[in-house]
Amino acid sequence: MKTPIRKSGKSGYISLVMVLATAAILSALTFYAYKRAGQAQNVEKQVQLRLDYSEKEDAILRSIVAIVPNRAIRAMKQDSDSSGSIRNPLRWTNIFSEALDSSNARTSIPANLKISLNIPNLIVANPGDSSLSLISNTFSAIGTEGGLVSTSLNRSLGAGYPPPLTSTDSTTTTRDATYPLISTKKIYGSLAQPGVGLPVSSYPDFNLLKYPQINFGYAKPGEDFVAKRNWWAFTMDAGGTDQAAIGLARRKRQFVLSIYEIPSQLAISASAFMSLGKYASGDAWQNVTIDGGIFAGQAQVEGTTTLDNLSARRGMSLSGSATIGGQTFSSNPFAAGVREAYQVTQGKFFPVSLASESGRAAFIPINRGADYFDRFSAPDETNTVSTTTWNDYSVGARQCAMRLDITGVQSSTNRTPTRFRFSYIGTAGDRRSIIVPLDTSVIPTLPPGYVKVCNEHDTYNFIQAVDVAYGVSGGFTFRSGLSGPVRFENDVFGDPKQGDFKAGYYRPRAPFEIASTPGGQICVALYPQRLPGFLATFTGGDAAALPAKNNSIAVNVDYSTTGLNDATRKPSIPCTANDYGVILKECANLTPFTRGFSLVTNLRLYIGDDFNTSPATPPTGYTPAGTFYPPCSLFTPEKRYGVDVDPFAVTLSGQIGSLAKGDKVNASDADPAVVRPLDSTAASGNALDAARITVNLRPIKHPAELPPIFMLNWLVLLEERRAEFY
């Protein structure tokens, strides 16, 4: 059967031109969409690559900040220049190479992670992976000069760079581009004048600089502070080696790496665990005024204490009633959003800060602990890369111009000293030493400084207390602290050399002698006000210039050479009554020391008189308000107030610091767990009552306020140079 089907509608046709045109349009749209997708993918790839390289570079930069201060210290240590194997790790090229290693910048997946994935035949298809073996492809000096870093010595690199330093020492200038050198032979010269706050002719070592824009609040960002800035500049491109493989053009970034040398200048400073607000007795601080910031390794603020600002390295705990910068913190001040809320409502400067808050910065207290007080624990160093050795740089006792050492005692069972060795800086800048006998035994030579006043049988009237000698070459006897008429006869002094005609001699009373506390502790009594006159008698130079040069003294026991075993052993820290002590007297008027006065000792210090209470004329150009006193410092492992009796009250002004290394967690008898900076102990060993301690502390705001000896800190900072200066 056949059934035809009839179609309805009109007949049509297909136009080949239309089909082809439509196909072409659709193909073009498809190609365009594909091209745009490819372009988007390429943009996404480049964005991701830039992010990857940026993160890689940030990791490298953080590693550089961690490595450089360690290498700078090693360059100052004994035998750092003894061989290539010891010297090479200190070079910039090896510093940068180690930074690439420690940041895992040479591969996208560390080898240990690949192993832990346990994937057979693992292939890493990352064209950005590179061994970065040629360091100069990643790092280079600024501009067209060779090398890896541009040094800041003796030249200005132009706008956007810090003020340069100057050195006339050829070793320092030659090596600074090869190693991160810290040296006292780097100073501020005329090239730096536009970038520092005070005349470099008056303040070449430390000047007024602007505190950097970082979260760590040792000072407020943009605020003047006292420092010296060592810096080096370089460019970095972590993708420079891989540019052909990845097809990514990146601009080399320019960086400035700085090591700020910062004298300790805050009201209170300690790198240990420090408790603020209460004394060890549990009593709250009373009569305490603190202006400016406080720095601690770790900090605990108790009670209702009020502080301007507080910075720490390892953390802090704040009582809910403590006020820091006008703000109380009932919760963690470092929780997310707390800083931002404060800055919106209170201002830009957040009054509490940790060193870890700034990713490319590190704050390093230069703290040698007990070694700081003791020259004999820090020997001379030689064969160093840097022209300044680490012991000279970081041990206060070695920095003192004058040195007073106990070098002889009665016997191994009688520890009474019989001899001092005193050294000082002569008018020509050379070091000179004299031996000072302390007993009445006859010695063959007359020590320097004695002047003849009369012959044997004569009497001489001394209007003030002096030290006298009687004898002739081959035999002299001595008496100290004599005044009024003195008859020079054998029956007064004994006969130091029989048969010879003798004479009488004198010199100003020695600024040191042997004394004892009421409890029987043998001490060195030191009288700073006598030092200028004493020095002038035997230097034969410009007496007026002597206090400016000889303005610091270290008092130590020479336990290295005396050979009397327990009698001259190394002093204990904490101090004991079986060790020697130092009594400080005649120290109220220190104005002859025009650049200040410092004492460093590893013995217990008894402050027996008012210390530095006479105002002085401020140096030219000194502008801070208030009365100016000679800048002074006392460094001792333990201080006590009074000698013969306990004082009724004590008033402290200036700054207080601690060289303790206690961290509360790892405490020991030799390293106390907590530093309480305002605790005060009387001569008897009893703590002073809180009501009898008055404290007025403030920061140093001018380099003229720096004492001859001070503690140092390093602020290591790596900043990117702003693009508008490229």
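Residues numbered from 1 in each chain as written. Predicted model: local features only at pLDDT ≥ 70, side-chain atom pairs only at ≥ 80, totals over all residues. Heavy atoms only, no water.

A. Region of the structure containing the environment of asparagine 112. Among the structural elements, asparagine 112 can be located in helix α4 (residues 111-117). Note on asparagine 112: relative accessible area 59%, which makes it exposed. The sequence separation of asparagine 112 and serine 614 amounts to 502 residues, and the corresponding C-alpha distance is 67 Å. (Helix = DSSP H or I, 4+ residues; strand = E, 2+ residues; numbered from the N terminus. Buried < 20%, exposed > 50% of the residue type's maximum accessible area, 1.4 Å probe, protein only.)

B. A look at the environment of phenylalanine 216. Here phenylalanine 216 shows up in the loop between β3 (207-210) and β4 (224-236). Distance from phenylalanine 216 to serine 150, taken between C-alpha atoms, is 27 Å for residues 66 residues apart in sequence.

C. Region of interest: unusual backbone geometry. Of the consecutive residues isoleucine 573 and proline 574, the connecting peptide bond is found in the cis state with omega at 5°. Within the secondary structure, proline 574 sits in the loop between β24 (552-557) and β25 (581-584). Here asparagine 383, not a glycine, exhibits a phi torsion of approximately 60°, which is positive. Its place among the elements puts asparagine 383 in the loop between β14 (361-366) and α8 (390-394). The class for asparagine 383 is partly exposed, based on a relative accessible area of 37%. If you check the backbone angles, asparagine 612 has positive phi at about 55° while not being a glycine.

D. Inspection of the packing of aromatic side chains at higher detail. Overall, the coordinates contain 37 aromatic pairs when judged by the stated rule. For the ring pair phenylalanine 329 and phenylalanine 350, a centre distance of 5.8 Å and an interplane angle of 85° mean the geometry is edge-to-face. Remark: phenylalanine 350 occurs in the loop between α7 (338-345) and β13 (352-354) and phenylalanine 329 occurs in the loop between β12 (323-324) and α7; sequence separation between them is 21 residues. Classification of phenylalanine 329 by relative accessible area gives buried; the value is 7%. On the basis of relative accessible area, phenylalanine 350 is assigned to the buried category, the value being 2%. For lysine 228, the ring lying beneath its charged end belongs to phenylalanine 206, and the centroid distance is 5.9 Å. (Phe/Tyr/Trp six-rings, centres within 6.5 Å; stacked < 30°, edge-to-face > 60°. Lys NZ or Arg CZ within 6 Å of the ring centre and 35° of its normal.)

E. A look at the pattern of salt bridges. If you walk through the whole model with that rule in mind, you get 29 salt bridges. Ionic pairing is found between aspartate 430 and arginine 432, a salt bridge with its closest N-O pair at 3.0 Å. Of the residues examined, aspartate 430 reaches a relative accessible area of 31% and is grouped as partly exposed. Notably, a salt bridge pairs glutamate 705 with arginine 698, separated by 3.0 Å at the nearest N-O pair. Each of Arg375, Asp405, Arg421 and Asp558 takes part in one network of salt bridges that share partners. (Salt bridge = Lys/Arg side-chain N within 4 Å of Asp/Glu carboxyl O.)

F. Local environment of the sheet that holds strand β21 (residues 503-508). Read from one edge of the open sheet, four strands run β18-β21-β19-β20, paired in antiparallel fashion. At either end of the open sheet lies a strand with only one pairing partner, and these are β18 (451-455) and β20 (475-487). Taken over all neighbouring pairs, the strand axes of this sheet differ in orientation by 35° on average, direction set aside. Bridge analysis of strand β19 (residues 459-472) against β20 gives ten bridges, and the strand direction is antiparallel. Among the inter-strand pairings, valine 466 is bridged to a residue of β20, identified as leucine 482. (Pairing = 2+ DSSP bridges. Axes fitted to C-alpha atoms, helices over the stretch in contact; angles between N-to-C directions.)

G. Seen up close, a nonpolar patch on the surface. On the surface, a nonpolar cluster with roughly 310 Å² of combined accessible area is contributed by Ile25, Leu26 and Leu29. Along the polypeptide, leucine 26 turns up in helix α1 (residues 16-74). (Patch = residues over 30% accessible without salt bridge, like charges linked within 9 Å, V, L, I, M, F, W, Y side chains within 5 Å. Areas by Shrake-Rupley, 256 points an atom, 1.4 Å probe, with all protein chains shown as cover.)

H. Just the sheet that holds strand β30 (residues 650-654), in detail. With parallel pairing, three strands are arranged side by side in an open sheet as β7-β32-β30. In this open sheet, the two strands that pair with only one neighbour each are β7 (288-290) and β30. Strand-to-strand twist in this sheet, taken as the mean axis angle between neighbours without regard to direction, amounts to 10°.

I. Fine view of the side chain of arginine 229. Checked against the element boundaries, arginine 229 lands in strand β4. Judged by relative accessible area, which is 12%, arginine 229 ranks as buried. In this structure the side chain of arginine 229 is engaged in a polar contact, spanning 2.7 Å, whose partner is the side chain of glutamate 719. Excluding residues within four positions of it along the chain, arginine 229 makes contact with Pro162, Leu165, Tyr188, Leu209, Val256, Ser258, Ile259, Tyr260 and Glu719. (Polar contact = N/O pair within 3.5 Å; in protein donor to acceptor, adjacent residues only side chain to side chain. Contact = heavy atoms within 4.5 Å.)

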